[in-house]
Amino acid sequence: LAARHLVRPTSRGAHAMWRSGTASCLALGLLRMSRAAQFSVAFEDLLYLPAGVTGEDLRGDPGIRRAVRQQILGGLVLAEGMSVPNDFRANIREDDITVDLATLLEDGNTRKGKRRVRFDTTVTVSDEPLIESLRETPSFPLTGADTVRTLNIT
């Protein structure tokens, strides 16, 4: 079914319309991509890790990557703020965050099994107000029970 829609039309008029429609879609996609800004976001946290775990192990674990993306997503949305609670729109999605590197900042003996970890990520943002807000906010803590959790934006 999907392959049938990708086949080019046979008549000249339909072919010209198909080409112009395809070109318009490509131009619109490139225009949207040109407005997007990329930020490097470092997320620091304390994790309980078993002995022998490396930063590469953390980066390779899909569950850890998803949890990091969700923490960053929640932190960025809360930092940018919402003016009207019922007028929700997605400024940024989990797919816009890529986990590039995981680094262990402490050995396991420092805090009885808890280790300080930094995740370096790339965040792509296309929402103009969020881009402006992130440019003005270089760092902020994700306050709560743990004071180590921070986001550093460059």
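Per chain, residue numbering runs from 1 following the sequence as it is written. Confidence filtering applies because this is a predicted model: local features only for residues at pLDDT of at least 70, side-chain atom pairs given and counted only at 80 or more, and all residues used for totals across whole chains, interfaces and linings. With hydrogens and water set aside, each side-chain value is computed from the structure's full complement of heavy atoms.

K.L.:
Tell me what's going on with the pattern of salt bridges, and back it up with residues and numbers.
P.N.:
One side-chain nitrogen of Lys or Arg within 4 Å of one carboxyl oxygen of Asp or Glu is enough to make a salt bridge. Counted by the stated rule, this structure contains seven salt bridges. One salt bridge in this structure joins E44 and R116, with 2.8 Å as the shortest N-O distance. Of this pair, E44 sits in strand β1 (residues 37–48) while R116 sits in strand β3 (residues 114–125); the two residues are 72 residues apart in sequence, bridging distant segments of the chain. A relative accessible area of 12% means that E44 is categorised as buried. Note that R149 is salt-bridged to D45, the shortest N-O span being 3.1 Å. For the purposes of this entry, the term helix denotes a DSSP run of H or I that reaches at least four residues, the term strand denotes a run of E that reaches at least two, and both are numbered from the N terminus. Between buried and exposed lies partly exposed: a residue is buried under 20% and exposed over 50% of the maximum accessible area for its type, with that area taken using a 1.4 Å probe on protein chains only.

K.L.:
Let's hear about the nonpolar core: which residues, and what values?
P.N.:
Nonpolar core, defined: a set of buried Ala, Val, Leu, Ile, Met, Phe, Trp, Tyr and Cys residues in which side-chain atoms within 4.5 Å join the residues together. Counting residues in hydrophobic clusters, the biggest one holds 26 residues, and the most contacted among them are F39, I72, L76, F119, V123, V125 and L151. At the level of elements, β1, α4 (62–80), β2 (97–104), β3, α5 (128–136) and β5 (150–153) are the ones that each hand at least two residues to this core. Setting aside its immediate chain neighbours within four residues, F39 contacts T121, T122, V123, V125, I131, L134, R135, I153 and T154. Between two residues, a contact is recorded if the distance between any of their heavy atoms is within 4.5 Å.

K.L.:
Provide a residue-level description of the confidence of the model for the chain, including the pertinent values.
P.N.:
For every residue, the predictor reports its confidence as pLDDT, a number between 0 and 100. The pLDDT averaged across the chain works out to 75; a share of 64% of its residues lies at or above 70. Here residues 1–9 is modelled with pLDDT under 50, and outside its nearest four sequence neighbours on either side it reaches six contacts, counting other chains as well. Here residues 20–33 is a poorly scored stretch, pLDDT under 50, and it has one contact once near neighbours within four places are set aside; other chains count.

K.L.:
Can you explain the sheet that holds β5? Please cite residues and give values.
P.N.:
For two strands to be treated as a pair, DSSP must find no fewer than two bridges joining them. Within the open sheet, the five strands sit side by side as β2-β3-β1-β5-β4. Their pairing is antiparallel. The open sheet terminates on both sides in strands that have one partner only, identified here as β2 and β4 (139–141). Across the sheet, the mean angle separating the axes of adjacent strands is 20° when strand polarity is ignored. Note: β4 against β5, three bridges, orientation antiparallel. Note that in β5 the partner of S139 across the bridge is N152. Lines fitted to the C-alpha atoms define the axes, with helices restricted to the stretch that makes contact. Angles between their N-to-C directions range from 0 to 180 degrees.

K.L.:
I'd like a description of the environment of D95, backed by residues and values.
P.N.:
Assignment of secondary structure puts D95 in the loop between α4 and β2. Judged by relative accessible area, which is 65%, D95 ranks as exposed. Here the alpha-carbon distance between D95 and R66, two residues 29 residues apart in the chain, equals 9.7 Å.

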